[in-house]
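Each chain, letter by letter, is given below.
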Amino acid sequence: EFVCFPVTIDFYEFLGLQYIPPEIRHGTNEIDLASKKMLPKLVEIKDIKGDLHIHTTDSPDSDNDLDEVILKCISLGYQYIGISDHVASIQTHGYEKIQKIILEKRNKINIANQKYQKSGIKILLGYEVNILSNGELSWPDELLSLLDYAIAGVHSSLNQDKDTMTQRIISAIKNPYINFIAHPTNR
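It should be emphasised that the depicted structure is a prediction, and the values quoted were computed from it without experimental measurement.

Trainee: Please set out the packing of helix α3 (residues 66-75) against helix α5 (residues 95-115) residue by residue, giving values where relevant.
Mentor: Between α3 and α5, the least distance of the axes is 12 Å, while the angle of their chain directions is 40°. Looking at the two axes, α3 sits oblique to α5. Judged by the twist between their axes, the crossing of α3 over α5 is right-handed. The segment α3 lies against α5, with Leu66, Asp67 and Ile70 engaging Lys108, Ile109, Ala112 and Lys115. Split by residue class, the contact of α3 with α5 holds four nonpolar, no polar and three charged.

Right, dumping it as structure tokens:
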């Protein structure tokens, strides 16, 4: 008869090992490190000072407006956040419309920074731009330069071969206005 016992801190202590959290159980050298009490310290919730990949109701995948997001982040003790909604396409909206969207969002962010100044949180303006199938970004550099930062991500043509997909990511990384790559393994 097979009996399964929960893996607890007591179990590791019984074996003379430092507790190995599930996040670092990879079947590599963690047992050796645990026997020497040399496991790395993991990031804890209290260590997180902010988040730079946050969507609001300006993106289709969020249910929270800007104020709701800010208030939640303040309650978490964040020192900074970045609002990085998904972008509207230049091809469907045109350059001037996108520029207007950015400037309106910049104004909202500026107002929010004033409104929540006493909380100690700093709110930054970013966007999550698409890496198109040809490796170009969905926004030109002139628009990206209006942001505090930009995130690039692959969201389409997911059936391309490995080399083409890799070149798409590399192309985005080389852009001086791209600060982060979103879901590099495509979720």
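Now that the structure has been shown, the text picks up again.
Trainee: Report on the environment of Ala150, specifying residues and quantitative values.
Mentor: Its place among the elements puts Ala150 in strand β4 (residues 149-153). Owing to a relative accessible area of 0%, Ala150 belongs among the buried residues under this scheme. Separated by 117 residues in sequence, Ala150 and Leu33 place their C-alpha atoms 38 Å apart. Those residues in contact with Ala150, other than ones at most four positions away along the chain, are Tyr127, Leu144, Tyr177, Ile178, Asn179 and Phe180.

Trainee: Can you break down the confidence of the model for the chain residue by residue, with the values?
Mentor: Detailed reading of the predicted coordinates is not advisable wherever pLDDT falls low. This prediction gives the chain a mean pLDDT of 92; 95% of its residues lie at or above 70. Averaged pLDDT values for the elements of the chain fall to 85 in helix α4 (residues 90-93) and rise to 97 in α3.

Trainee: Give me the sheet that holds strand β3 (residues 122-130): which residues, what numbers.
Mentor: Read from one edge to the other, the open sheet built from five strands follows the order β1-β2-β3-β4-β5, with strand pairing classed as parallel. Both outer strands of the open sheet, β1 (50-54) and β5 (180-181), are each paired with one neighbouring strand and no more.

Trainee: Any chance you could break down α5 for me, citing the residues and the numbers?
Mentor: The end-to-end C-alpha distance of α5, which contains 21 residues, comes to 30 Å, matching closely the 30 Å that a straight helix rising 1.5 Å per residue would cover. Every buried residue of α5 is accounted for by Ile98, Ile102, Lys105, Ile109, Ala112 and Asn113. The arc that holds the buried residues of α5, viewed along the axis, is 100°, so those residues lie on one side. For α5, the exposed residues set more than 90 degrees away from the buried face come down to Glu96, Gln114 and Lys115.

Trainee: Outline the packing of aromatic side chains, supporting the account with residue identities and numerical values.
Mentor: The tally for this structure, following the rule as stated, stands at four aromatic pairs. Centroid distance Tyr127 to Trp139: 5.0 Å. Interplanar angle 55°. Geometry classified as tilted. Taken together, the residues span a long stretch of sequence, with Tyr127 in strand β3 and Trp139 in the loop between β3 and α6 (141-144) at a distance of 12 residues. Relative to Phe180, the ring of Tyr149 lies with its centre 5.9 Å away and its plane at 80°, an arrangement referred to as edge-to-face. Of this pair, Tyr149 sits in strand β4 while Phe180 sits in strand β5; the two residues are 31 residues apart in sequence, bridging distant segments of the chain. What makes Tyr149 buried here is its relative accessible area of 5%. Members of the aromatic cluster, connected to one another through ring pairs, are Phe11, Tyr12 and Tyr19.

Conventions adopted
Residues numbered from 1 in each chain as written. Predicted model: local features only at pLDDT ≥ 70, side-chain atom pairs only at ≥ 80, totals over all residues. Heavy atoms only, no water. Axes fitted to C-alpha atoms, helices over the stretch in contact; angles between N-to-C directions. Helix = DSSP H or I, 4+ residues; strand = E, 2+ residues; numbered from the N terminus. Parallel < 35°, antiparallel > 145°, perpendicular 65-115°, else oblique. Left-handed = near helix turned anticlockwise from the far one by under 90°. Contact = heavy atoms within 4.5 Å. Nonpolar A, V, L, I, M, F, W, Y, C, P; charged D, E, K, R; others polar. Buried < 20%, exposed > 50% of the residue type's maximum accessible area, 1.4 Å probe, protein only. pLDDT = per-residue confidence, 0-100. Pairing = 2+ DSSP bridges. Expected span 1.5 Å × (residues − 1). Arc of directions from axis to C-beta. Phe/Tyr/Trp six-rings, centres within 6.5 Å; stacked < 30°, edge-to-face > 60°.

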